[in-house]
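Listed below, chain by chain, are the residues.
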Amino acid sequence: MLGTKIHTLETLRQQIAALETNPLLKDAALVSVPAGLLAPPRGSVHEVFADGPRDGGAALGFAFAQARFMQEQNRQAVLFLQLRADAQELGLPYGLGLGGFGLDAERLVYVRPETIAELLWAIEEAIACRAVAAVVADIAHPHKALDFIASRRLSLRAAASGASVLLVRYGREREASAAKYRWRVSPALSQPPPYDANAPGLPRWQVTLEKGSLGGRRKAAPGGEVFLVDWTENGFERVDADGRTGGARRAAAVSGAPSAALGDRLSEAG
Amino acid sequence: MKLVALDLRASAAGLFIGQNVSDARGLVTNLELREIDRPFIEQVFADFADWHSNASPIVAVHKAQASWGDLIVDVTGVSHLFGGEERMLETMTGRLEALGITVSGAIGPNIGTAWALVHHSYPQVVQDNVMGALAGLPVAALRLEEAQIEGLRHLGLKRIGQLYGRDRRALQARFGASLLLRLDQALGYVEERLTPRLPLAEHYVERLFAEPIGLIDDVLMTSGDLALQLSNRLEREGLGAQAFHLFLYRVDHKVMTLSVKAARATRDALHIGRLFAHRAERLQGEYDAGFGIDMIRLAAGSITALSEAQIGAFSIDDGAASLDQLHDRMTSRLGSLAVVRNSFANTHIPERAVTLEPVVNPQPKEPLPLLPIAAPRPLRLLPQPEPISVSLAEVPDGPPPNMVWRRVTYRFVKSSGPERIGAEWWLSRSKLKMKGEETKEGAHSDTPERHYREGEAARDYFLAEDDGGRRFWIFRQGLFGAAEAPEWFLHGFFS
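Residues numbered from 1 in each chain as written. Chains lettered and ligands numbered in written order. Predicted model: local features only at pLDDT ≥ 70, side-chain atom pairs only at ≥ 80, totals over all residues. Heavy atoms only, no water.

As annotated in an unreviewed UniProt entry, chain A carries the name Protein ImuA and is attributed to Devosia nanyangense.

Looking now at the pattern of salt bridges. All names here are of chain B. Applying the stated criterion across every chain, the model contains 33 salt bridges over all chains. We note a salt bridge from Arg-34 to Glu-32, for which the minimum N-O separation is 3.0 Å. Of the two residues examined, Arg-34 and Glu-32, each falls in the exposed class. The closest approach of N and O atoms between Arg-168 and Asp-184, which form a salt bridge, is 2.8 Å. (Salt bridge = Lys/Arg side-chain N within 4 Å of Asp/Glu carboxyl O. Buried < 20%, exposed > 50% of the residue type's maximum accessible area, 1.4 Å probe, protein only.)

Glancing now at the sheet that holds strand S3 (residues 203-213) of chain B. Residues and elements named next belong to chain B. The four strands lie next to each other as S3-S6-S4-S5, forming an open sheet whose pairing is antiparallel. Sheet topology places S3 and strand S5 (255-266) at the edges, where each strand pairs with a single neighbour. When strand polarity is set aside, the average angle formed by the axes of neighbouring strands in this sheet is 15 degrees. Two elements, strand S4 (residues 239-250) and S5, share eight bridges in a ladder whose sense is antiparallel. When the sheet's bridge partners are listed, Tyr-249 is paired in S5 with Val-255. Contacting S3, S4 and strand S6 (293-305), helix H10 (residues 216-237) runs over the sheet at an angle of about 155 degrees to S3. Contacting S4, S5 and S6, helix H11 (residues 269-283) runs over the sheet at an angle of about 130 degrees to S5. (Pairing = 2+ DSSP bridges. Helix = DSSP H or I, 4+ residues; strand = E, 2+ residues; numbered from the N terminus. Axes fitted to C-alpha atoms, helices over the stretch in contact; angles between N-to-C directions. Contact = heavy atoms within 4.5 Å.)

Scanning the model with the defined rule gives 24 aromatic pairs over all chains in all. Arranged with centres 5.8 Å apart and planes meeting at 65 degrees, the rings of Phe-80 of chain A and Tyr-110 of chain A form a pair that is edge-to-face. One end of the pair, Phe-80 of chain A, is in strand S2 (residues 77-82); the other, Tyr-110 of chain A, is in strand S4 (residues 109-111), and 30 residues separate them in sequence. The same class applies to Phe-80 of chain A as to Tyr-110 of chain A, namely buried. Following the ring pairs from residue to residue traces out a cluster consisting of Phe-62, Phe-69, Phe-101, Tyr-181, Trp-183, Trp-205, Trp-231 and Phe-236 of chain A. For Arg-333 of chain B, the ring lying beneath its charged end belongs to Trp-121 of chain A, and the centroid distance is 4.6 Å. We note Arg-459 of chain B situated over the ring of Phe-475 of chain B; from NZ or CZ to the ring centre the distance is 4.9 Å. (Phe/Tyr/Trp six-rings, centres within 6.5 Å; stacked < 30°, edge-to-face > 60°. Lys NZ or Arg CZ within 6 Å of the ring centre and 35° of its normal.)

Between chain B and chain A, the contact holds 54 residues from the first and 61 residues from the second. Taking both partners together, chain B and chain A bury about 4,700 Å²; carbon and sulfur atoms supply 59% of that area. Contact with chain A buries surface across chain B, with Leu-379, Arg-380 and Lys-414 of chain B losing the most and accounting together for 16% of the total. For the salt bridge of Arg-470 of chain B with Asp-55 of chain A, the shortest nitrogen-to-oxygen distance reads 2.5 Å. Applying the counting criterion to the chain B and chain A interface returns 24 residue pairs in polar contact (both at pLDDT 80 or more). Contributing elements (two or more residues each) for the side of chain B that touches chain A: helix H12 (320-334), strand S7 (339-344), helix H13 (350-353), strand S8 (354-358), strand S9 (380-388), strand S11 (408-421) and strand S12 (459-466) of chain B. Of all the elements, H12 of chain B adds the most residues to the side of chain B that touches chain A, at eight residues. Class assignment for the residues of the side of chain B that touches chain A results in 27 nonpolar, eleven polar and 16 charged. (Buried area = accessible area lost by both parts, 1.4 Å probe. Polar contact = N/O pair within 3.5 Å; in protein donor to acceptor, adjacent residues only side chain to side chain. Nonpolar A, V, L, I, M, F, W, Y, C, P; charged D, E, K, R; others polar.)

Next comes the structure, spelled out in structure tokens:
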């Protein structure tokens with residue numbers, strides 16, 4: 001009897017201690033970057049498919065956007081991997097263009113191996129490091145080495161370490177894969193900014209969740225759940241069927257999402 | 001053509017070094033001649049010399065006289081490891097003789113003495129009475145030129161002892177200062193420097209094997225053990241190192257070197273061992289143990305102070321150290337140019353504004369104020385802008401209505417721009433052309449393929465969105481109305 005009481009007491013003490021150390025409750029200003037609209041739990045493998053290299057901007061943008069939401073207070077590092085031979089076909093992330101994604105361009109590390117085996121090794125090595133939040137691997141072509149077993153291996157490693165892997169792939173073919181989530185990202189016509197009807201507006205993507213589910217929601221349609229989102233400095237913003245974003249904008253503000261600029265400051269401080 | 005080297009049978013037949021080839025052929029009709037390949041011999045001899053660093057860290061090759069060089073080993077402070085100088089000389093020459101190499105060796109208080117004994121006497125150790133030991137040797141033992149030896153012979157000065165006590169001024173006037181220098185060097189009055197072939201490591205640990213080992217796994221296991229020893233030693237002295245070199249001494253007189261670098265000074269044995277394991281993965285076919293490895297040495301370089309406090313328990317654990325170790329491991333396996341990060345420069349030219357530099361051991365650079373950027377920049381940039389063909393813009397300076405890139409047509413519906421980025425003419429190597437100075441260099445017709453010319457003309461950049469929502473960063477190089485028609489390129493993609 002006494003033993004169970006002491007045990008219960010100890011459990012409660014630990015729970016209180018956990019609540020007190022939780023930054024969310026302790027200090028609202030030090031909140032780590034909140035989960036985005038589409039952010040799934042950390043520690044999983046994602047495949048982000050684009051139809052071809054021409055859509056690579058949108059796919060990489062989505063991957064970096066997701067990577068930003070994977071960052072935590074003491075888990076900040078994001079790595080970008082690309083085979084050296086693929087650089088001209090796909091283009092390299094441009095340091096001056098990364099600001100809009102809340103990533104510190106001077107701290108993003110590019111890994112450029114020669115072979116796919118080295119690339120897979122580098123992903124594994126990176127997610128084993130406890131300072132790495134996410135690894136974005138940009139792979140232009142299908143490879144034999146990147147099969148179900150390889151993706152299963154990565155999934156297990158990612159689940160064990162808590163770091164996320166985002167594999168950016170190209171084409172319409174889908175191979176067997178153990179990745180928990182598969183996204184298809186294609187660009188969509190943007191809404192022009194209010195001051196110039198002929199200018200491009202915020203990036204707008206049509207994101208299809210082909211595999212996996214978010215937050216216990218059931219799959220909406222056989223083809224997968226489809227989101228039409230804008231990428232703003234506050235994060236993702238849902239776009240309704242008429243192409244309006246007004247309601248979502250307010251919702252994002254109410255939920256207390258710090259702006260990307262605030263996120264930047266946090267990452268500089270951390 | 002002259003003879004530079006002979007084997008035993010040839011010298012037994014009466015041939016000698018320096019003899020004319022035609023004379024030699026006359027004496028020995030079935031003479032087999034090979035032309036000497038000096039770079040090859042030097043290379044082989046250098047490898048051979050490196051291997052002797054297992055006896056003493058300072059080895060050098062003396063190129064002055066013999067056609068392949070003389071091996072010089074500085075035995076100061078190491079001879080006791082062999083049980084004295086005599087024993088050391090016996091061991092070192094004996095093991096070479098066992099391999100079938102004709103060798104002559106001597107130990108002397110300076111390079112000149114040892115050289116004279118090796119070339120003109122029997123193997124011996126001379127410690128004190130240098131003058132006495134050299135007195136009976138011919139003057140050629142002083143490393144003199146042919147003309148000097150000849151001149152001394154004419155004067156009847158055949159032995160080194162005959163030079164002692166001679167009038168130095170007269171000798172210098174007759175034979176030049178080099179004779180006196182050589183004499184002084186041999187007698188130890190003038191110090192002679194030697195240039196060590198391998199970098200001197202103050203901190204190293206090594207292991208000898210009774211039986212040679214060959215497997216790379218064994219080598220790596222040993223390197224792990226050695227790393228532990230080295231880290232203990234560094235810890236005692238409060239030091240850390242950024243470079244580590246593994247020397248593998250093969251039985252057949254070759255040395256293999258593996259080097260790894262760390263982003264921050266370390267003495268973490270596990271980390272060092274892992275770096276070598278990753279470096280070995282990159283060796284692939286290069287690793288060749290030959291007949292085995294009988295000694296391994298691990299040396300530390302770029303040593304800096306690393307106090308206990310810096311790696312103590314009270315430091316904030318922000319993961320930076322483990323991230324640095326990750327970068328080290330990746331660099332050691334993939335190469336330093338494969339693990340890079342952005343570095344910014346103050347220029348408006350997009351491809352010059354950002355460079356990728358190694359994460360580990362980056363080149364130090366001066367921080368410069370960065371230029372503000374007015375227009376948005378793309379998420380992806382093509383390393384080399386790709387030419388596109390466009391139909392003519394409605395307004396001469398406006399954006400094009402479409403483009404053909406990689407054989408696919410894209411129709412633009414929205415665009416913004418232009419952002420004009422001027423050429424950095426002050427960096428361009430070509431001279432500024434004055435008006436009216438046009439030469440015939442403009443005849444580019446024999447190069448039909450369009451190519452992107454860096455920094456030749458101003459560019460106008462546009463952000464163009466096609467009917468599928470894809471956003472491209474395209475630019476026009478050159479102006480309408482100029483001598484050459486402007487050309488269009490695709491430079492990047494927006495998200």
